[in-house]
Amino acid sequence: MKIAVYVVRYRGKWDIRLSVDIRVDMTWWLKGNKGQENAVEKWVVLGRELPLPWGVKLCEVFKGSTDMKRWTRRQWWQYVLAQLKDELNSESGDVAQHLTGGINAICIWDGAEGWIPDLESECRWEGQLFHPSSSMMYGGGSEERRIAGVSYLGQTRHSNSEIEKLDMERVARQADMLADLLSGRQLLVLEAEALLAEVAPGLERVWRLAAQLAYLQGRLSFAAGLAPHARRPATGDLHCNRCGSGAMYRTSCASCGREACAYCETCLALGRSRECSLLLRGAAKPAVPCTADTAPAAELDRWGLSPAQRSAAETALRFLAAPPGGVRGRSRPESLWLRAGELLRRGMATRRGTSPAAASQGSVLARDSNSGHPSPTTGEGVAERFLLWAVTGAGKTEMMFPLLQHVLEHGGTALVATPRRDVVLELAPRLAIAFPHVSMVTLYGGSDERWQRGQLTLATTHQLLRYRQAFDLVVIDEIDAFPYHNDPMLAFAAQAVCKPEGKFIYLSATPPLLLQKEAARGLLPHAKVPVRFHRHPLPVPLRLETTPVKHWLQKGRLPACLIQRLLASIHRGAQVFLFVTRISHIQSLVELLIRRLPDIPIAGTSSQDEERSAKVRSFRATEIRVLVTTTILERGVTVPRSDVYVLDADSSLFDEASLVQMAGRAGRSKDDPCGSVVFTSPEWTRGQKRAIRQIKRMNTLARKKGYLQEVRH
C-alpha cells in the first residue's frame, strides 16, 4: 500500500502525519477547522504515494527544527532522500519509480502566504539530478516525467475546488460510525472492508475518508503490518505488529511496488500481514470504573457455589473491585505475560502523541495514547492479573460466573478465551443460560459471528489477534494448555486485548511453574480451590513399576501386574483411560489388550483419528470400556466412574502438568469420587514426584480448611 506523508507546524511545534486521503487533511488543517484558526504556520507534503514502510520510517525519524520554517522544496526533497537513502539503495531503478512526482511532489503551504511556489527548483529542473551521495537519479529522467511532476504539483496547489466538494458533515458521520465499529479492534484493510461490508454496507467504499478524519480526531491509529524492532532498529529486523512474531518472508509486492516486501508467516492464517499492509487500530474505550464493593451474598448465592468455590470467588471479586495498583501483591511487569513474549515484543515502538488538536511533535503511528493510557506492550500500565488455581473437576466455570456478572453489571466488556474450539462450543450454551440478557459473541475459526460485537465474547485464543485494548476483563481458561502454553504469539495477543486498566483472570488446575512461584512469593494475587464440588479428596496416583511399553509390544506380552489392576477396575464397573506417549503405540497395544481381555470392548484414539468424537461418546455411554489414547484427552473430558492408567509415566513427554491433568480424569463423579490412578514406569522421575506432591498438597489444604467430606467405610 502507498500512503501520503506530510509535516505540519502547529502552534509552534512540528508534527508528521500519514494520510490515506490527503483531501481530508487539507480540509482539516488549511480550511480553518474549528479551534484551529490561524494556528497552522506551515504545512508541507513530502509525498502523496510513498510505500507505507517508507512513510513509517519518515514518521519514526522525524525531528522538527526551527530552521525547517525556511526550507525550500529542494531542502525538503534532500531531507526525504537522506532519510530514505538505505531504502532507495536497496531497490533497482531510479528514484522516480518509487517516489512519485519527484521533487515536484513537495508542496509547501504557509499560514501567511498560502501556497509557496519554488521557482528556483522549477527553473533548474533538468531531469538528470543525482543523489548527493550516489549516482542514482532522483528527479526523473525524461521530459514526460518532468511534465507529469509539474502537473501533479499544480493539481495539489490548486485543489481547493476538489476539497470543497467534500461533504465534511457526511464524512464526520461516517468517521463516527467507523471509529465505533473499530473501537478495540486492530484490522488489516481487507478485514476492515469485510467488516464494513457486513455491518455498514456502503462504508467500505469510502472508508479512507472516514478513517483519515477519525485518525486526525485521535480515535483511530495507523500502523504498518510489520515494523522494525524499536530497541534495535539498526539491525533491520522486523516484527509483526499484529502477532509480535519475527518470522518473516520477503517477496516482490505489487501493492507498494518494492522488490522485497516482507510478510509475517506466523499469523498468515488470519490474512497476510505485510510491511506495506495498513493496520487500522481503533482507540480503546475507557475502562469501567472500579467499585469499592463486592458482590452481595445474595448474588453469590444465585450461583450455588460450594464453600471452597465461594471463598475463591469472593477473593477474586475483591481483586476486580480494587482500583489499579490497589491489589496487595500486584505482579510485576516482568512476570509471565511479558517474559513469554519478550523476544516478540521488543520491537513494539514507544507509543507517543496526542490528538491532532495538540499536534505534538513525534511519530504519528501510535496515536493510541490519545486515550490517556500507556501502551501495555511497553511495560507501563500493564493490566493486573489474578490466578484462580482450582483442582481438576473443581467447577472453574461456575466460579467464573460471578466474576463475569460483576463486570457486565457495571457496564464493562468481558472476554473468555479458551484454547480449543470444542471448549468454546461447550461453554457457549452455558454462558447464554447464565446471562440471558447479555449480548454474546462466539468466535472460532469459521465462526459466522466474527464481525459482531457483544458485551460478552467467548473466543479461541487465535481470534484475539483482531482485538486490541478491547476488554475490561479477560479470562484465560487453561492457561497452561496447548496451543496457548509456550506460544509467545498467543501470549502477545492475550496481553494486547485487555485495557491497560482492565484485569486478567487466569484459570488453571496446573499453572505454569513461573506463576506458581509468583503466587508463592506474594507477587501474584490468587485463590486456591483445593477440592472438587463433591468435597471428596483427589485420588492420589499409585506407582506400578514395569518395563517400558515398547518392550511389551516387542515381546507381545503385557505385564501381569497391569492386567491384574485392569481386571480390578473393570470388575468394579469403571471406565478405563489408558494414556500412552506415542500414537504409534495405540493400535498394537489395543490388539494386545483384546487378546488378554477378549470379552471387554476396547478401542484406541488420537488426534489423527477422524472417529475420535464418536469413540469418546461411546466411551461415555460405556459401549467402550477401555480407551487407549494420548494426551489429547487429558483435558475437557469427564466420564463418570473412571480409572486412569498413565503408561510410561517417566517419559519426558509427560510433565508435571500433564500427569496431574490425566490423573484428574478419575474421581470426578459424586457417585464415584474415589477412582484410582496408576502410573506405570521403570523409573521414578521428578515429574511424577511433583505431580503426586501437588495432589497431596491440595488434599492437605482442603482438609485444613474444612472443605473435605471424607468417605465413610
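Check the entry above for the structure.
Residues numbered from 1 in each chain as written. Predicted model: local features only at pLDDT ≥ 70, side-chain atom pairs only at ≥ 80, totals over all residues. Heavy atoms only, no water.

S.K.: Describe the side chain of S642, and please don't skip the residues or the numbers.
M.R.: Here S642 shows up in strand β24 (residues 642-647). Owing to a relative accessible area of 1%, S642 belongs among the buried residues under this scheme. Engagement of the side chain of S642 in a polar contact is seen with the backbone oxygen of V639, the distance being 2.6 Å. Residues within four places of S642 in sequence aside, it is in contact with R572, Q575, F577, R665, A666, G667, D672, G675 and S676. (Helix = DSSP H or I, 4+ residues; strand = E, 2+ residues; numbered from the N terminus. Buried < 20%, exposed > 50% of the residue type's maximum accessible area, 1.4 Å probe, protein only. Polar contact = N/O pair within 3.5 Å; in protein donor to acceptor, adjacent residues only side chain to side chain. Contact = heavy atoms within 4.5 Å.)

S.K.: Report on the sheet that holds strand β20 (residues 542-545), specifying residues and quantitative values.
M.R.: Paired through backbone hydrogen bonds, the strands of a sheet run either parallel or antiparallel to each other. Strand order in this open sheet of six strands is β20-β25-β24-β21-β23-β22, and the pairing throughout is parallel. Since the sheet does not close on itself, it has two edges, and those belong to β20 and β22 (602-604), each with one partner. The mean inter-strand angle of the sheet, taken between neighbouring strand axes irrespective of direction, is 20 degrees. Taken together, the four bridges between strand β21 (residues 575-579) and strand β23 (residues 626-629) define a ladder with parallel strand orientation. Each bridged residue has a counterpart across the sheet, and for V576 the counterpart in β23 is V626. Against the sheet, helix α20 (residues 560-571) engages β20, β21, β23, β24 and β25 (677-681), with an angle of about 165 degrees to β24. (Pairing = 2+ DSSP bridges. Axes fitted to C-alpha atoms, helices over the stretch in contact; angles between N-to-C directions.)

S.K.: I'd like a description of the packing of helix α8 (residues 168-182) against helix α10 (residues 207-216), backed by residues and values.
M.R.: It is the contact of α8 with α10, at a shortest axis distance of 8 Å, that shows an interaxial angle of 80 degrees. Between α8 and α10, the crossing angle belongs to the class labelled roughly perpendicular. In this structure, α8 contributes M168, V171, A172, Q174, A175, L178 and A179 to the contact, and α10 contributes W207, L209, A210, A211, L213 and A214. Looking at the contact of α8 with α10 residue by residue, the classes come out as twelve nonpolar, one polar and no charged. (Parallel < 35°, antiparallel > 145°, perpendicular 65-115°, else oblique. Nonpolar A, V, L, I, M, F, W, Y, C, P; charged D, E, K, R; others polar.)

S.K.: So what about unusual backbone geometry? Which residues, and what values?
M.R.: Apart from glycine, the bulk of residues carry a negative phi angle, and the bulk of peptide bonds sit in the trans form. Within the chain, Q469 stands out as a residue other than glycine whose phi angle is a positive 50 degrees. By the secondary structure assignment, Q469 is in the loop between β16 (456-460) and β17 (471-477).

S.K.: Tell me about the side chain of R532, and please be specific about residues and values.
M.R.: Along the chain, the position of R532 falls in the loop between β19 (526-529) and β20. At 8.9 Å, D672 is the nearest oppositely charged side chain to R532, a buried residue that forms no salt bridge. At 2.9 Å, the side chain of R532 forms a polar contact with the backbone oxygen of G667. If sequence neighbours within four positions are ignored, R532 has contacts with V391, T392, G393, A394, L538, P539, G664, A666, G667 and R668. (Lys, Arg positive; Asp, Glu negative; His and termini not counted. Salt bridge = Lys/Arg side-chain N within 4 Å of Asp/Glu carboxyl O.)

S.K.: Explain the pairing of strand β18 (residues 498-508) to me, using residue names and the numbers behind them.
M.R.: Counting buried positions along β18 yields ten of eleven residues, so the element is predominantly enclosed. Pairing analysis gives six bridges linking strand β13 (residues 384-390) to β18, with the strands arranged parallel. Bridge pairing in β18 links R385 to F504. Relative to β18, β17 is paired through six bridges, and the arrangement is parallel. Residue pairing across strands places L473 opposite K503, the latter belonging to β18.

S.K.: Got a sec to walk through the pattern of salt bridges? Specific residues and values, please.
M.R.: Applying the stated criterion across every chain, the model contains 26 salt bridges. The partner of E275 in a salt bridge is R258, and the shortest N-O contact between them spans 3.0 Å. One end of the pair, E275, is in the loop between β11 (261-264) and β12 (278-282); the other, R258, is in the loop between β10 (248-251) and β11, with 17 residues separating them in the sequence. Note on E275: relative accessible area 7%, which makes it buried. You can call R258 buried: its relative accessible area is 6%. E398 is the partner of R430 in a salt bridge, and the nearest nitrogen-oxygen pair spans 2.6 Å. Here E398 lies in helix α15 (residues 396-409) and R430 lies in helix α16 (residues 421-434), a separation of 32 residues in the sequence. One salt-bridge network, in which partners are shared between bridges, spans R572, R641, D643 and D672.

S.K.: Could you give an account of a positive patch on the surface, naming the residues involved and the relevant values?
M.R.: A contiguous patch of positive charge on the surface is contributed by K517, R521, K528, R543, R686, K689, R693 and R697. Residue contributions to the positive patch peak at four residues, all from helix α24 (residues 686-704). (Patch = residues over 30% accessible without salt bridge, like charges linked within 9 Å, V, L, I, M, F, W, Y side chains within 5 Å. Areas by Shrake-Rupley, 256 points an atom, 1.4 Å probe, with all protein chains shown as cover. Charge placed at Lys NZ, Arg CZ, Asp CG, Glu CD.)

S.K.: So what's going on with helix α9 (residues 189-199)? Which residues, and what values?
M.R.: Inspection of α9 places V189, E191, A192, L195 and L196 among the buried residues, and these make up the whole buried set. Looking straight down α9, one finds its buried side chains confined to an arc of 160 degrees; they lie on one side. Next to the buried residues of α9 lie α8, β6 (186-188), α10 and β12. (Arc of directions from axis to C-beta.)

S.K.: Explain the packing of aromatic side chains to me, and be specific about the residues and the numbers.
M.R.: For the structure shown, the criterion picks out 19 aromatic pairs. Look at W71 and W76: their rings are 4.8 Å apart centre to centre, the planes differ by 70 degrees, and that puts the pair in the edge-to-face class. Where F401 meets F435, the ring centres are 6.0 Å apart and the plane angle is 85 degrees; that geometry is what we call edge-to-face. Of this pair, F401 sits in helix α15 while F435 sits in the loop between α16 and β15 (440-443); the two residues are 34 residues apart in sequence, bridging distant segments of the chain. (Phe/Tyr/Trp six-rings, centres within 6.5 Å; stacked < 30°, edge-to-face > 60°.)

S.K.: Help me get a handle on the pairing of β25, residues and values and all.
M.R.: In terms of burial, β25 is largely enclosed, as five of its five residues are buried. Of the two faces of β25, the one holding V677, F679 and S681 and the one holding V678 and T680 are both buried throughout. Where β20 meets β25, four bridges bridge the pair, whose relative direction is parallel. In the strand pairing of β25, L542 is matched with V678. Note that β24 and β25 share four bridges and pair parallel. Among the inter-strand pairings, L647 is bridged to a residue of β25, identified as T680. With helix α23 (residues 656-663) bridging β24 and the parallel β25, this β-α-β connection has right-handed handedness. (Right-handed = clockwise from strand over helix to strand, strands pointing away.)

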